[in-house]
Amino acid sequence: MAYTCQQIITLATQIAKAPGYTSLAGQLLNVVLEELWQVYDFAFSRQKTYIDLTVTQPTDSYGQPLGYSLPTLHERTLEAFYIVNGAPRTVTQLPIEQYDNLFLGVTGSSYPEFYCIDVAQTPHTVLVYPLPPLATGIYVRYLPEQNAITTPETSSTIPWFPQQLYLITRLAAEVMMVTDDARRDKFLDDAAKLLEKFLTMGADDRENYVQQVKLDPRTFRSGGAQRPTKTMPL
């Protein structure tokens, strides 16, 4: 059975022997959940969006590209790819500083080869090279920001993070910090062990395959030194 935010807070405050701290515990629960999506990459929260590259890439007043807008809740990008004639092709991510050193004039007809994410924009934007691309678009798989829960102490919402024993234990420890409870360090250690087990066994989708060491695609591209337009003729 999945506990609601209200039930998690009730349990945590009872464990912390501070039943009158439900409002404060609600604020702390949002802080704990915020830390989780900011720090960890959970496979179960991944999302995918499509960016239409047939639209001209927006530019600033100096003619420099601003990029295509990503979803408002975009937090971190995992990968980008496009599909031509049923064949998927990976687009290589660059640091924005390296992207700024690329030639931004007309390069002829070509499919996307590189992209970078500008996190200084609101919402975040994705910049694609070369410009202009052919009539296609790219899929961006990303991790989203999770919305804070409104008044969690009375909310029937089930938190997006599924390891609820961790949430209860960690929240109880945070309430103990406020009440100066000597048990806090032990509860923090217990919560860390629960999260470690979850990250090892349940946070990713690694089923029956090993992790591979990959070469940097900026240097070691598929097809050797040839550009994608050579390995997949137009």
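What you see is a predicted model; the values in this text were computed from it and never measured.

Procedures and definitions
Residues numbered from 1 in each chain as written. Predicted model: local features only at pLDDT ≥ 70, side-chain atom pairs only at ≥ 80, totals over all residues. Heavy atoms only, no water. 1 Å grid on protein atoms, 1.4 Å probe; cavity = no way out; pocket = protein on both sides within 12 Å on 5 of 7 lines; lining within 4 Å. Points joined across faces, edges and corners; volume = space filled by probe spheres on them. Nonpolar A, V, L, I, M, F, W, Y, C, P; charged D, E, K, R; others polar. Phe/Tyr/Trp six-rings, centres within 6.5 Å; stacked < 30°, edge-to-face > 60°. Helix = DSSP H or I, 4+ residues; strand = E, 2+ residues; numbered from the N terminus. Buried < 20%, exposed > 50% of the residue type's maximum accessible area, 1.4 Å probe, protein only. Lys NZ or Arg CZ within 6 Å of the ring centre and 35° of its normal.

Caption draft 1: Fine view of empty space enclosed by the protein. Under the definition given, this model contains one cavity of 30 Å³ or more. Approximately 50 Å³ is the volume found for the largest cavity. Around the largest cavity sit Trp-37, Tyr-40, Asp-41, Phe-42, Ser-45, Arg-76, Leu-143, Pro-144, Gln-146 and Trp-160, which together line it. Here the lining of the largest cavity is built from residues that sort into six nonpolar, two polar and two charged.

Caption draft 2: Molecular detail of the packing of aromatic side chains. In this structure the tally under the stated criterion is 13 aromatic pairs. Ring geometry for Phe-44 against Trp-160: centres 6.3 Å apart, planes inclined by 40°, an arrangement best described as tilted. One end of the pair, Phe-44, is in the loop between α2 (22-39) and β1 (47-52); the other, Trp-160, is in the loop between β7 (137-144) and α4 (164-179), with 116 residues separating them in the sequence. Here Trp-160 and Phe-161 contribute two aromatic rings whose centre-to-centre distance is 5.9 Å and whose plane-to-plane angle is 75°, an arrangement assigned as edge-to-face. By relative accessible area, which is 0% here, Phe-161 ends up buried. Among the aromatic side chains, those forming a connected cluster through ring pairs are Tyr-40, Phe-42, Phe-44, Trp-160, Phe-161, Tyr-166 and Phe-198. Sitting above the plane of the Tyr-139 ring, Lys-48 keeps its charged end 5.4 Å from the centroid.

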